[in-house]
Amino acid sequence: LCQNSVDAIRKSKNEKGIIQIYIHSNLKQLKIYDNGIGIHPENLPELLKPFSGDKISDDDTIGEKGVGLTFAMFSCNEFQIKSGTGQGTSIGTVKEAHNWKNRNDEEELILDWKKIDQEFIGTEVLLKKVQDCPLFQLSFEQLKFVLRTKTAIGQTLPIWGDGRSINVELVFVDQNGVTHKENIPFKYWLIND
């Protein structure tokens, strides 16, 4: 999801990119928002099909061509995506995807999709009832380290003075219910950091 957000911001014309990450350990919930290019309302249902994407012929993106969104959807039992462009806003939800992938019957996974009358630019992905996710067991310092060394938040271009700056806002509610909030650098975590 971080890769998708970075790609969307790179494609947009925003001078200042914003990524907001919210993780609640006890609720098993994760939300990520970016003010990037967004998804055209008519394209959202197609992008939510497993292993589909819009990056197939795009060499400038860093995402894995549809795998990230599919993985996120099937890692939880309440998935919601809201995305908007200048052409409108749509919202899609999928329930029980994690349980569905472990079943062996013929029942189809149902996507609820609709256009909404709301001005919204960018994309927000909300995962609830996330299953088997080690992020929820981390401390705040460990989470920042993972984001800056194992995701697209840890960009190496800023080390050399290149690349677009993105403001990354992180809110993390740990297992003890303590809320941590910090703007973290959009830069790889070097050993001297």
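Source: prediction; values computed, not measured.

Reading the values: rules and limits
Residues numbered from 1 in each chain as written. Predicted model: local features only at pLDDT ≥ 70, side-chain atom pairs only at ≥ 80, totals over all residues. Heavy atoms only, no water. Salt bridge = Lys/Arg side-chain N within 4 Å of Asp/Glu carboxyl O. Helix = DSSP H or I, 4+ residues; strand = E, 2+ residues; numbered from the N terminus. Buried < 20%, exposed > 50% of the residue type's maximum accessible area, 1.4 Å probe, protein only. Core = buried A, V, L, I, M, F, W, Y, C linked by side-chain atoms within 4.5 Å. Contact = heavy atoms within 4.5 Å.

1. Details of the pattern of salt bridges
Reasoning step 1: On inspection of all chains with the given rule, the structure shows six salt bridges.
Reasoning step 2: Glu182 is paired through a salt bridge with Lys144; the nearest N and O atoms lie 3.1 Å apart. Residue Glu182 is found in strand E8 (residues 179-184), and its partner Lys144 is found in helix H5 (residues 140-150); the two are separated by 38 residues along the sequence.
Reasoning step 3: Accessibility expressed as a relative area gives 7% for Lys144, which makes it buried.
Reasoning step 4: When salt bridges that share partners are traced, they join Arg103, Asp105 and Glu107 into one network.

2. Observations regarding unusual backbone geometry
Reasoning step 1: Phi at Lys28 is positive, roughly 55°, even though this residue is not glycine.
Reasoning step 2: With respect to the helices, strands and loops of the structure, Lys28 is situated in the loop between strand E1 (17-24) and strand E2 (29-34).
Reasoning step 3: You will see that Glu96, though not glycine, has its phi angle at about 60°, which is positive.
Reasoning step 4: For Glu96, the position within the fold is in the loop between strand E4 (88-95) and helix H4 (97-101).

3. Looking at the nonpolar core
Reasoning step 1: Core analysis: the biggest nonpolar cluster contains 36 residues, and Ile19, Ile21, Phe79, Ile81 and Leu127 have the highest contact counts within it.
Reasoning step 2: If we skip the residues at most four places from it in the chain, Phe79 touches Leu48, Leu69, Ala72, Met73, Gly92, Thr93, Val94, Val125, Leu126 and Leu127.

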